[in-house]
Amino acid sequence: MKDDLVAVLYFDDTQIIGRIAKVNYGENLTPLTTVRKEYTGIMDSQFNDRNDFTTTVNAVVAEMVQGLNRIPQILHIGVANQFCQVQTQSSDLVFDRMTKVNRHHLQKLWENTSFDTTNVEIIQKQALYYKLEEYDEVLIDVLGTATKGVNMVSSALTINQEFRYLFDLGAIQRAGFANYKFISMAACELFMIPEKVRDAGCTLVRCDFFSTSVANILGDGLTQLSHFDSGSGYLVGEIMDYFNFDYETTIELLSKCTPTFEVLVEEKYTANGIQVPASIFNRLVMDRLNEFAKRLSNFETANMIYLSGGNFDQIYGARNVLANVCNRTMVPCQDVLSGEIAYPENTLNAMVRYVLKQDYLY
C-alpha cells in the first residue's frame, strides 16, 4: 500500500485538536502536523459558546495545513459521543431453497432497513450480527454460508442535523480540503479493543472532563450509546471551591493523592507551596469517585468494560474504585501498536485508523 495522508479533527469538553498523519505500511502512523487549541468548551451537553467553537475550529483547520505540500481531500471530524445517537434495526431475507449468502443478498438486507432520519443525519451504518434460520447462534459474518433464511441486526449512528451548522465549509475549503465528513468518536475508539473481546460483546466507557459516555459494543458496531453529565472536571471544580485552590494546584494534588489508602492524621499533600490535610482531601476525592461509580453502575454494561478518555487516570486507584462499585472488569484502552495508554494521542491514532478501515483514503 502506498503512503497516504489522513486529516482528522478531534474535540472534547475542553480542547480542539487537528492532525494530519502519514499512513505507512500496516497501521504505522507518522503525524505531520498537530494543532491543539483550548476553547470555551462543553458543559451539560451544550457548547458554552457556539461561535467560539466554530472560530477555534477554523483557526485549528487553517493552522494544521501550514507547511504541507499536499493536503487530503477530506477532513474527518470526530463527533463527541454526547452528540451521537444509535438506532438498531432487524431485517430478514427468506429463500425458496438452500442458498449461499452473497453480497447481493447482504445488500437486500440493507435495503429492507428503515432507520428514522427525522431531523437527524446518519453518519455510519454497521451490521452487528446475523442469524440463520437453521441455527440460534449469533454470527458476525455469513458471506458464503448456505441457509434458507438470514436475519441481520444492524445499527446506525446519527447526529442532529443542526450539528452541521457548527462547521464552516467555506473555511475548511479555504484551508485546502474539498469537503468534510463526520465520524463517531465511539466508533473510532472501539478499534482499540481486541477483536475477540468485541465479538463477544463488551462496553466502552469514555470519561471526558465534564461528560461520560457508555457504549455497548458488538463486533465492529455499537448496539447502544448513552451518556451522563459527570466527569473529573466536576471534582476539580469542587476542590477549587472547597479549598479555594487554583486549577494547577488542584490538578497536581489530584496526581499526588491516594484516596484508596489509609493515611496518617498528620500527613499532608503539598503542591505549589500549598498544603492540605491528606485525610480530608482523600475523603472528598473518594466520596466523589464512589458517587461517579454508582451513576455508572446504573447503566446496562457488559462484564468487560474498556476505559478511554483518560480523565480519571491521574487519580491513583480510581479504576479499582469504579471496578469494585460496578462489579465489572475494567481495562484501559491501549494503542494497538505501541500498547501505550495516553490521551488524546490514542484517540487521534484510533481516528486515523478508523478512516483507513472505512476505506476513506482517496
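The present account deals with the structure reproduced in this document. (Residues numbered from 1 in each chain as written. Predicted model: local features only at pLDDT ≥ 70, side-chain atom pairs only at ≥ 80, totals over all residues. Heavy atoms only, no water.)

**Quick word on the sheet that holds strand 9 (residues 146-160)**
Formally: Two strands qualify as a pair provided that DSSP identifies no fewer than 2 bridges between them. A run of H or I in DSSP counts as a helix once it spans at least four residues, and a run of E counts as a strand once it spans at least two, with each numbered from the N terminus. Think of each axis as a best-fit line through the C-alpha atoms, taken over the contacting stretch in the case of a helix, with angles from 0 to 180 degrees between the N-to-C directions. Contact criterion: two residues are considered in contact whenever any of their non-hydrogen atoms come within 4.5 Å of each other.
The sheet built from three strands is open, its strands ordered 7-9-8 with antiparallel pairing. The open sheet has two edge strands with one neighbour each: strand 7 (84-100) and strand 8 (120-132). Along the sheet, successive strands turn relative to each other by an average axial angle of 20°, direction set aside. Inspection of the sheet shows strand 7 paired to strand 9 by 13 bridges, in the antiparallel sense. Within the sheet, the bridge partner assigned to Val 94 lies in strand 9 and is Gly 149. Contacting strand 7, strand 8 and strand 9, helix 2 (residues 103-111) crosses the sheet at an angle of about 135° to strand 7.

**Observations concerning the sheet that holds strand 12 (residues 212-218)**
The strand order 13-12-11-16-17 describes an open sheet built from five strands, whose pairing is mixed. With one partner strand each, in any of the chains shown, strand 13 (221-228) and strand 17 (329-332) form the two edges of the open sheet. With strand direction ignored, the average angle separating the axes of adjacent strands in the sheet is 25°. Strands in contact with helix 9 (residues 318-326) are strand 16 (304-308) and strand 17; relative to strand 17, the strand with the most contacts, it is inclined by about 150°.

**Re the environment of Phe 83**
Along the polypeptide, Phe 83 turns up in the loop between strand 6 (74-79) and strand 7. Note: C-alpha distance between Phe 83 and Thr 158 (75 residues apart in sequence) is 8.6 Å. Non-local contacts of Phe 83, meaning those with residues more than four positions away in its chain, are made with Phe 11, Ile 42, Ser 45, Phe 47, Thr 158, Ile 159, Asn 160 and Phe 163.

**Focus: the pairing of strand 17**
Heads up, the rule is: Any residue under 20% of the maximum accessible area for its type is buried, any over 50% is exposed, and the rest in between are partly exposed; the area is computed with a 1.4 Å probe on protein chains only. With the strands pointing away from the viewer, any crossover whose connection runs clockwise from the first strand over the helix to the second is right-handed.
Where burial is concerned, the two faces of strand 17 differ: the one with Met 330 and Pro 332 is buried and the one with Thr 329 and Val 331 is not. Note on the crossover from strand 16 through helix 9 to strand 17: the handedness is right-handed.

**Concerning the packing of aromatic side chains**
What counts, and what does not: Here a Phe, Tyr or Trp ring, Trp counted by its six-membered ring, pairs with any other such ring whose centre lies within 6.5 Å, and the pair is stacked when the planes are under 30 degrees apart, edge-to-face when over 60, and tilted otherwise.
Counted according to the given criterion, the structure contains 24 aromatic pairs. With a centroid separation of 5.1 Å and an interplanar angle of 5°, the aromatic rings of Phe 47 and Phe 83 are classed as stacked. Of the two residues, Phe 47 sits in strand 5 (residues 46-47) while Phe 83 sits in the loop between strand 6 and strand 7, which places them 36 residues apart along the sequence. Note on accessibility: Phe 47 and Phe 83 belong to one class, buried. Here Phe 243 and Phe 245 contribute two aromatic rings whose centre-to-centre distance is 5.1 Å and whose plane-to-plane angle is 10°, an arrangement assigned as stacked. One aromatic cluster is present, formed by Phe 11, Tyr 39, Phe 47, Phe 53, Phe 83, Phe 163, Phe 167, Tyr 180 and Phe 182 through successive ring pairs.

**Concerning the layout of surface pockets**
The test is simple: For cavity detection a 1 Å grid was placed over the protein atoms alone, and a set of points counts as a cavity when a 1.4 Å probe fits there but cannot get out; an open set counts as a pocket when protein lies on both sides within 12 Å along at least five of seven lines, with lining residues being those that have an atom within 4 Å of a point. Grid points are joined across faces, edges and corners, and a volume is the space filled by probe spheres set on the points. Three residue categories are used. Nonpolar comprises Ala, Val, Leu, Ile, Met, Phe, Trp, Tyr, Cys and Pro, charged comprises Asp, Glu, Lys and Arg, and polar comprises the others, including Gly.
A volume near 490 Å³ is recorded for the largest pocket. Along its surface, the largest pocket is lined by 21 residues, and Thr 14, Gln 15, Phe 209, Tyr 247 and Asn 311 are the ones closest to its centre. Elements with a minimum of two residues in the lining of the largest pocket: strand 3 (29-38) and helix 7 (247-256). Residues belonging to the lining of the largest pocket are distributed by class as follows: eight nonpolar, seven polar and six charged. In this model, the second largest pocket occupies a volume close to 400 Å³. Looking at the second largest pocket, it is lined by 14 residues, and the ones nearest its centre are Leu 106, Trp 110, Gln 126, Ala 127 and Tyr 130.

**Digging into the nonpolar core**
Basically, it comes down to this: What is meant by a nonpolar core is a set of buried Ala, Val, Leu, Ile, Met, Phe, Trp, Tyr and Cys residues, joined one to another through side-chain atoms within 4.5 Å.
Phe 11, Leu 75, Phe 163, Phe 167 and Phe 177 are the most contacted members of the largest nonpolar core, which totals 64 residues. The residues contacting Phe 163, other than those within four sequence positions of it, are Phe 11, Phe 47, Val 79, Phe 83 and Phe 182.

**A closer look at the pattern of salt bridges**
Going by this rule: Salt bridges, as used here, are contacts in which a Lys or Arg side-chain nitrogen is within 4 Å of a carboxyl oxygen on Asp or Glu.
Applying the stated criterion to the full structure yields 13 salt bridges. Across the pair Asp 208 and Arg 206 runs a salt bridge, and its minimum N-O distance is 3.1 Å. Taking relative accessible area as the criterion, Arg 206 reaches 4% and is therefore assigned buried. Taken together, the shared-partner salt bridges in this structure form one network comprising Glu 189, Arg 206 and Asp 208.

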